[in-house]
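Commentary on secondary and tertiary structure
One letter stands for each residue in the lines below.
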Amino acid sequence: MPQGTRGTGKEIMKTINTFQRLKDNNEKIAMLTAYDYSTAQVLDKAEIDGILVGDSLAMVALGYKDTYNISIDEMLIFVKAVSRGAPNSFIIGDMPFMSYNLTVEQGLENASKMIKAGASGVKLEGCNEHILKLVKRCVESGIPVLGHLGFTPQLMNTIGGHKIQGKTSDKIDEILNSAKKLEEAGCFAVVLELMPAESAKYITENLKIPTIGIGAGKYCSGQIVVSDDIMGKFTDFTPKFVKKYANLHDTVLNGVEMYIREVKEEIFPSEKESFELNNEEKAKLGR
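Conventions and cut-offs
- Residues numbered from 1 in each chain as written.
- Predicted model: local features only at pLDDT ≥ 70, side-chain atom pairs only at ≥ 80, totals over all residues.
- Heavy atoms only, no water.
- Patch = residues over 30% accessible without salt bridge, like charges linked within 9 Å, V, L, I, M, F, W, Y side chains within 5 Å.
- Areas by Shrake-Rupley, 256 points an atom, 1.4 Å probe, with all protein chains shown as cover.
- Salt bridge = Lys/Arg side-chain N within 4 Å of Asp/Glu carboxyl O.
- Helix = DSSP H or I, 4+ residues; strand = E, 2+ residues; numbered from the N terminus.
- Buried < 20%, exposed > 50% of the residue type's maximum accessible area, 1.4 Å probe, protein only.
- Contact = heavy atoms within 4.5 Å.
- Core = buried A, V, L, I, M, F, W, Y, C linked by side-chain atoms within 4.5 Å.
- Polar contact = N/O pair within 3.5 Å; in protein donor to acceptor, adjacent residues only side chain to side chain.
- Pairing = 2+ DSSP bridges.
- Right-handed = clockwise from strand over helix to strand, strands pointing away.

1. A look at a nonpolar patch on the surface
Side chains of Leu-248, Val-252, Val-256, Tyr-259, Ile-260, Val-263 and Phe-268 sit close together on the surface and give an oily, nonpolar patch of about 580 Å² of accessible area. You can see Val-256 is positioned in helix H11 (residues 248-264). Since its relative accessible area comes to 40%, Val-256 is described here as partly exposed.

2. Here we look at the environment of Tyr-37
Positionally, Tyr-37 belongs in helix H2 (residues 37-45). Classification of Tyr-37 by relative accessible area gives partly exposed; the value is 41%. When near neighbours in sequence (up to four residues on either side) are disregarded, Tyr-37 contacts Ala-81, Arg-84 and Gly-85.

3. Here's the deal with the nonpolar core
Judged by nonpolar contacts, the single largest core of 60 residues is most densely connected at Met-114, Leu-182, Leu-192 and Ile-203. Each residue touching Ile-203, except ones within four places of it in the same chain, is listed here: Ile-172, Ile-175, Leu-176, Ala-179, Leu-192 and Met-195. Formed by 14 residues, the second largest nonpolar core is a distinct cluster that contains Ile-29, Phe-188, Ala-189 and Ile-224.

4. Section: the environment of Asp-94
Note on placement: Asp-94 falls in strand S3 (residues 91-94). Take Asp-94: its relative accessible area is 2%, and that puts it in the buried class. Here the alpha-carbon distance between Asp-94 and Gly-54, two residues 40 residues apart in the chain, equals 5.0 Å. The residues contacting Asp-94, other than those within four sequence positions of it, are Leu-52, Val-53, Gly-54, Asp-55, Met-75, Met-114 and Lys-123. A distance of 3.1 Å separates a polar atom in the side chain of Asp-94 from a polar atom in the side chain of Lys-123.

5. With respect to the pairing of strand S7 (residues 211-214)
Look at any regular strand and the pattern is simple: side chains alternate between the two faces of the sheet. What you see with S7 is no split at all: Thr-211 and Gly-213 on one side and Ile-212 and Ile-214 on the other are buried throughout. In terms of strand pairing, strand S6 (residues 189-193) meets S7 through 4 bridges, oriented parallel. By the bridge assignment, Val-190 is partnered in S7 with Thr-211. With helix H9 (residues 197-205) bridging S6 and its parallel neighbour S7, the resulting β-α-β unit is right-handed. The pairing of S7 with strand S8 (residues 222-225) spans 2 bridges and is parallel. In the sheet register, Gly-213 faces S8, and the bridge partner there is Gln-223.

Next up, the structure:
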């Protein structure tokens, strides 16, 4: 059972029950991505409801042009780092492209690797018969699954790029039907990405499990965005649905430029940042 912070009633350890409790109490769920130990520490200290080690790290942390190139082995390195930094958080490992698409057995094996690396659950994109079977097998095996519908980046080439989804009543019903299937299969929540707010609202109101929006308006059960985007650290591009809460890029740039200047001008390191020999040893050197 979740533990309470003394005198506040807040949860210390976030679990799968946290998500459903927040939805049932009409409280919003706040999630962010994290890819490294120090960022995870900050999110854990802030008592974030959930952390996604997203395959977006392929672009944000590794510099790939998209998410297709990252492997399960690479993802596991980052899951381990985040789990070390956020012991009280519910951590979801994003299953990368083709790490679960071949067979249910392949998907289950790689999902188990995520859990052994420190994740609390995994995220799967889409809702075909294969995905539904895999969700059931994962849940039966003790692996919580977060679904992902709407714009699904791993299917970007087959849906024609970064396009808003759920723009017609037929498409909304199609996504809702898929969400209900994921709910029935055992998903504890489902991500809704890149769709009109009204579409996400309709889907959210017709599900028992929470919805987590990213570019899907304010009516979802909760929100998730990339930490490096909202903190202004990643600057290659900024999605329309991102609000910047800080400007780490400029802060770090200014700090680095100041460091370079002080090294060139012999201001750094000063005596404060240096070590000295004792007088006896100095004397031996004739100084």
